[in-house]
Protein chains: 2
Amino acid sequence: MCAELYPICTELMVFIKSDSYGNKALANPLLSRGHGIWGFMWEISKELEAMLVFAEHRYYGESMPFGDKSFSNLKNLNYFTSEQALADFAVLIRNLKQTIHGAQTSPVIAIGGSYGGMLAAWFRMKYPNIIVGALAASAPIWLFENLTACGDFNTIVTNDFLKSGKGCSESIRNSWDAINKLSSTAEGLNFLSHALHLCSPLQASDVASFKSWLSNTWVNLAMVDYPYAADFLQPLPAWPIKVVCSFLKDPSLPAKSLMQNIFQALNVYFNYTGNAQCLNISQTATSNLDDQGWYYQTCTEMVMPSCSDGVKDMFEPVPWNLQQYSDNCKKDWGLRPRPDWITTVYGGEKISSHSNIVFSNGGLDPWASGGVTKSISDTLIAIIIPEGAHHLDLRSRNDKDPISVQKARALEVEYIKKWIQEARNESMPYTTCFA
Amino acid sequence: MCAELYPICTELMVFIKSDSYGNKALANPLLSRGHGIWGFMWEISKELEAMLVFAEHRYYGESMPFGDKSFSNLKNLNYFTSEQALADFAVLIRNLKQTIHGAQTSPVIAIGGSYGGMLAAWFRMKYPNIIVGALAASAPIWLFENLTACGDFNTIVTNDFLKSGKGCSESIRNSWDAINKLSSTAEGLNFLSHALHLCSPLQASDVASFKSWLSNTWVNLAMVDYPYAADFLQPLPAWPIKVVCSFLKDPSLPAKSLMQNIFQALNVYFNYTGNAQCLNISQTATSNLDDQGWYYQTCTEMVMPSCSDGVKDMFEPVPWNLQQYSDNCKKDWGLRPRPDWITTVYGGEKISSHSNIVFSNGGLDPWASGGVTKSISDTLIAIIIPEGAHHLDLRSRNDKDPISVQKARALEVEYIKKWIQEARNESMPYTTCFA
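In this text, all values refer to a predicted model and were calculated from it rather than measured experimentally. (Residues numbered from 1 in each chain as written. Chains lettered and ligands numbered in written order. Predicted model: local features only at pLDDT ≥ 70, side-chain atom pairs only at ≥ 80, totals over all residues. Heavy atoms only, no water.)

A. Spotlight on the overall build of chain A. Looking only at helices and strands, chain A has 16 helices and eight strands in total. Going through the 435 residues of chain A one by one, you find that 58% of them count as buried. For chain A, the proportion of contacts with a sequence separation of at least 24, taken over those separated by at least 6, is 70%. Entry remark: accessible area of chain A is about 17,900 Å², with carbon and sulfur atoms responsible for 54%. (Helix = DSSP H or I, 4+ residues; strand = E, 2+ residues; numbered from the N terminus. Buried < 20%, exposed > 50% of the residue type's maximum accessible area, 1.4 Å probe, protein only. Contact = heavy atoms within 4.5 Å. Areas by Shrake-Rupley, 256 points an atom, 1.4 Å probe, with all protein chains shown as cover.)

In structure tokens, the structure reads:
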């Protein structure tokens, strides 16, 4: 209840809409409002009587500083950093508070998932004057420099498949040799093209991207291994990895049979609706303009070392090679990344002096490898959702939700309420709102 | 005592060398090493067995990113912000820790005075991962937007003169009318030129800058009203305002006599050494290249509203006029300032979530008007030095030091030791240093 002077005593919540995954989902209004991927924010904004603001990151979605020329040259790209994005959010919120009657003293909470979660956490670290707290869901803020072993990400992906069906991760591990073997002959390439229903015949020169498309698919499945049918990256059944693994029970099959099974598995991901005529290896889950933005960022600030060894994980062994990574950036963008900048500017592991951030991570989510999974202090809280994939907690409440995510959400709301109450207590002389 | 693995267990102290005052003083090696203006750092670095690093702000001193073209156009100036300077300091310290054997785990303290003090405080706020604490001496971090009344600065200047001799501030207050009267005739201008020993004859068109030169001189005197002979902006006697005021006892004198006394007063400031042949009204205390840098910054980020009313202060009434201020910036630099940015990015009054900053302010120092003069928490500490002018506490210890500054320095060292100890305790597993 609010006194007359302040007819709107809303708490502002800023949802940080940033990376390509988020934008893709938000493009679908059914998903963005009250349903699906960001449903939690809609639900709790009602509960908290909060205004919900979706703040878009510059150079993503419609926020192009130079229109369709924003990516045409490095000069136009020069304003594209996470720090600039945080500054935008700060200016946006100040402006909202100054222009929305009654909002001047409203505490603001930032919420984000994935890169948006990193931004939410960093926003609180850098602008504690602007937001009173942040919920950083599945935010891999420690996936930089040498804070996390480069193989941990792929180990989590692998464990998801390992636990979802006997022979499953082993089938995928064995598939690489099968592909190498088959792709060494014209007949084998032809077989793969047909067996996997590829839209274009596989060429020897495509094999590397083919394998990378496969790897990405397994990674994406790990991210969206939700307990109910959902459409985040793709329309998928409940626990999609279990469904995938139902086709990958026998890792000892000969190459051709193994690859036929791999097709069945891929079909779960790419053709759950049954509408796909063929599989397109240049289609990735995130193939849209916004990918360009994230790719640029990986070549400037967002260097997350990644590797696989084929032992702790089911992928072909690929060591982390910063030089090659940097050379690719040079080739594609004309610049080289600064791998040590993010830890310098956002503190790396030394974040204990900050406050009021909840870091939530899903046990199934490979991004949890670089997440804050242990509480750092009374006000820097880690929440683990063992049955959760990528920011499951930010999705709408669902009957099939495991208890762990229900508990996580309840705790998140509790912290948000606490931060709001503390902020209100501090600014009591200026507000006349009463609960 | 340090274990063998870490032969150098030094604590790093970064002194942030930034504004023109600081650079001018540092150009004189006698002043910079062990003496004078920054002597305190040299003294305590010995006491703490610390390495002392003077970090220069980009676009000041020798740190010109585009050499002598750094100020030639806005494009070259585009990298000149306080945020960029802080990022430089962060990268510098990381680099020092990585390259100096044994320094990897050394806690770092930032110390600065004036703008350097603001930077020290902001550095701790934005990079608590890099420095464990900051001493912000005479740092007017609240002299922005409407956090401080625009006239408070000039009120403090005036009080310094008011308290330093009967009739003193009143003489200065009356001098403006005397100047207006005299400068309205050719004879009067000629009188002023001779009576004040001006290097060039005063023209009617110079009168505004003449008055501004006078005002600046009174302001500068307030900044350097030290208890012993010193050379910060100019070589000066002990308690220079008292000496100045010894010539300004009778505010009721007729215009010409009053101005002859004003000359005697000015002579204290500009000719204490007796070497000046004439007074140059285009000479300000800070007339060097570095002024250009600060002037640019006042036209981008550093908008500190200032005004006088002739009642609470001894100056001619000049209201704060942001439009005119902005127009001047547009004329001189081709850009307009962002008066609300500093409070957005550095928190304005909302800094209570930060920690480990000592804000020291001198009671005589006009910049204290925008300083943090009340402790905000157990770890955001305000220290007042009633008899102190502009960052007196950072000067070398001196027999004539008032008790208040001795106590302030002792307390500052105590806090610095506390921060270092706390940081050591936190990183115990990584260090083998013992006190």
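B. Here's a closer look at the nonpolar core. Trp122, Phe161 and Trp218 of chain A together with Trp122, Phe161 and Trp218 of chain B are the most contacted members of the largest nonpolar core, which has 266 residues in total. Ignoring anything within four residues of it in the chain, the contact list for Phe161 of chain B reads Cys168, Ser169, Ile172, Trp218, Leu221, Ile241, Val244, Cys245 and Met314 of chain B. (Core = buried A, V, L, I, M, F, W, Y, C linked by side-chain atoms within 4.5 Å.)

C. Just the domain arrangement of chain A, in detail. All names here are of chain A. By the assigned domains, chain A splits into domain 1 (14–146 + 341–431) and domain 2 (152–318). Averaged C-alpha coordinates put domain 1 and domain 2 at centres separated by 30 Å. On the domain 2 side, the residues contacting the 43 residues of domain 1 number 35 residues. Between domain 1 and domain 2 the total buried area reaches about 3,400 Å² when both faces are included, carbon and sulfur atoms providing 65% of it. The interface formed by domain 1 and domain 2 includes zero salt bridges. The interface formed by domain 1 and domain 2 holds eight residue pairs in polar contact (both at pLDDT 80 or more) in total. (Domains from an automatic or database assignment. Buried area = accessible area lost by both parts, 1.4 Å probe. Salt bridge = Lys/Arg side-chain N within 4 Å of Asp/Glu carboxyl O. Polar contact = N/O pair within 3.5 Å; in protein donor to acceptor, adjacent residues only side chain to side chain.)

D. Just unusual backbone geometry, in detail. Residue and element names in this part refer to chain A. For Tyr59, which is not glycine, the phi torsion reads 70° and is therefore positive. Mapped onto the elements of the fold, Tyr59 is located in the loop between strand 2 (50–56) and helix 4 (74–77). Exposure remark for Tyr59: the relative accessible area of 0% places this residue in the buried category.

E. Looking closely at the pattern of salt bridges. This model, assessed by the stated rule, comprises 26 salt bridges over all chains. Across the pair Asp88 of chain B and Arg58 of chain B runs a salt bridge whose closest N-O atoms are separated by 2.6 Å. Pair noted here: Asp88 of chain B is in helix 5 (residues 82–99) and Arg58 of chain B is in the loop between strand 2 (50–56) and helix 4 (74–77), with a separation of 30 residues, a long-range link. We classify Asp88 of chain B as partly exposed; its relative accessible area is 25%. What makes Arg58 of chain B buried here is its relative accessible area of 17%. Because the salt bridges share partners, they merge into one network encompassing Glu43, Glu47, Arg397 and Lys417 of chain A.

F. Quick peek at the packing of aromatic side chains. Following the criterion strictly, the structure yields 48 aromatic pairs over all chains and no others. Geometrically, the ring pair formed by Phe161 of chain A and Trp218 of chain A is edge-to-face, given 5.8 Å between the ring centres and 80° between the ring planes. Of the two residues, Phe161 of chain A sits in helix 7 (residues 152–163) while Trp218 of chain A sits in helix 10 (residues 207–223), which places them 57 residues apart along the sequence. The residues Phe161 of chain A and Trp218 of chain A share a single accessibility class, namely buried. When the ring of Phe123 of chain B is compared with that of Tyr127 of chain B, the centres are 5.5 Å apart and the planes differ by 55°; the resulting orientation is tilted. (Phe/Tyr/Trp six-rings, centres within 6.5 Å; stacked < 30°, edge-to-face > 60°.)

G. Seen up close, the pairing of strand 4 (residues 133–137) of chain B. All names here are of chain B. The element strand 4 is extensively covered by neighbouring structure, given that five of its five residues are classed as buried. Of the two faces of strand 4, the one carrying Gly133, Leu135 and Ala137 and the one carrying Ala134 and Ala136 are both buried. As defined by bridge partners, strand 3 (residues 108–113) adjoins strand 4 across five bridges and the pair is classed as parallel. Counted as the bridge partner of Ala110 is Ala134 from strand 4. Taken together, strand 3, helix 6 (residues 115–126) and strand 4 constitute a β-α-β crossover, and its handedness is right-handed. Here strand 4 runs beside strand 7 (residues 357–362); their pairing, made up of four bridges, is parallel. Paired with Ala137 across the two strands is Ser360, which belongs to strand 7. (Pairing = 2+ DSSP bridges. Right-handed = clockwise from strand over helix to strand, strands pointing away.)

H. Here's a closer look at the relation of the copies chain A and chain B. Mapping chain A onto chain B is achieved by rotating through 180° and translating by 0.0 Å along the same axis, at an RMSD of 0.1 Å. What the superposition gives is, in effect, a two-fold axis relating one chain to the other. Looking at the rotation axis and the C-alpha trace of chain A, the residue lying nearest is Lys126 of chain A, at 2.9 Å. Here 100% of the interface residues in chain A have copies in chain B that are interface residues too; the copies meet face to matching face. (Least-squares fit on C-alpha atoms with pLDDT ≥ 70 in both.)

I. The arrangement of the state of the cysteines in detail. Inspection of the entire model under this criterion finds eight disulfides over all chains. In this model Cys299 of chain A forms its disulfide with Cys329 of chain A; the gap between the sulfur atoms is 2.1 Å. Taking the torsion about the sulfur-sulfur bond, which here is approximately -80°, the covalent link between Cys299 of chain A and Cys329 of chain A counts as left-handed. Taken together, the residues span a long stretch of sequence, with Cys299 of chain A in the loop between helix 13 (289–298) and helix 14 (322–333) and Cys329 of chain A in helix 14 at a distance of 30 residues. We note that Cys299 of chain A, like Cys329 of chain A, is buried. One disulfide in the model links Cys199 of chain B with Cys278 of chain B; its S-S distance is 2.0 Å. The chirality of the disulfide connecting Cys199 of chain B with Cys278 of chain B is right-handed, given an S-S dihedral of about 95°. Note that Cys199 of chain B is positioned in the loop between helix 9 (186–195) and helix 10 (207–223) and Cys278 of chain B in the loop between helix 12 (255–270) and helix 13 (289–298), a separation of 79 residues in sequence. With a relative accessible area of 33%, Cys199 of chain B lands in the partly exposed category. (Disulfide = S-S within 2.5 Å.)

J. Examining the environment of Ile383 of chain A more closely. Its location among the elements puts Ile383 of chain A in strand 8 (residues 380–385). Here Ile383 of chain A is in contact with Val358, Phe359, Ser360, Asn361, Ala408, Leu411 and Glu412 of chain A, once residues within four sequence places are set aside.

K. Structural detail: the interface of chain A and chain B. Each partner contributes to the interface: chain A provides 24 residues, whereas chain B provides 25 residues. Interface of chain A and chain B: buried area, both sides summed, is about 1,900 Å²; carbon and sulfur atoms make up 45% of it. It is Arg94, Asn129 and Thr344 of chain A that lose the most area in chain A upon contact with chain B, and together they represent 31% of the buried surface on that side. Linking chain A with chain B are two salt bridges. Notably, a salt bridge pairs Glu145 of chain B with Arg94 of chain A, separated by 2.9 Å at the nearest N-O pair. At the junction of chain A and chain B, the tally comes to 11 residue pairs in polar contact (both at pLDDT 80 or more). Those elements that place two or more of their residues in the side of chain A that touches chain B are helix 5 (82–99), helix 6 (115–126) and helix 15 (341–346) of chain A. Its residues placed into classes, the side of chain A that touches chain B shows eight nonpolar, eight polar and eight charged. (Nonpolar A, V, L, I, M, F, W, Y, C, P; charged D, E, K, R; others polar.)

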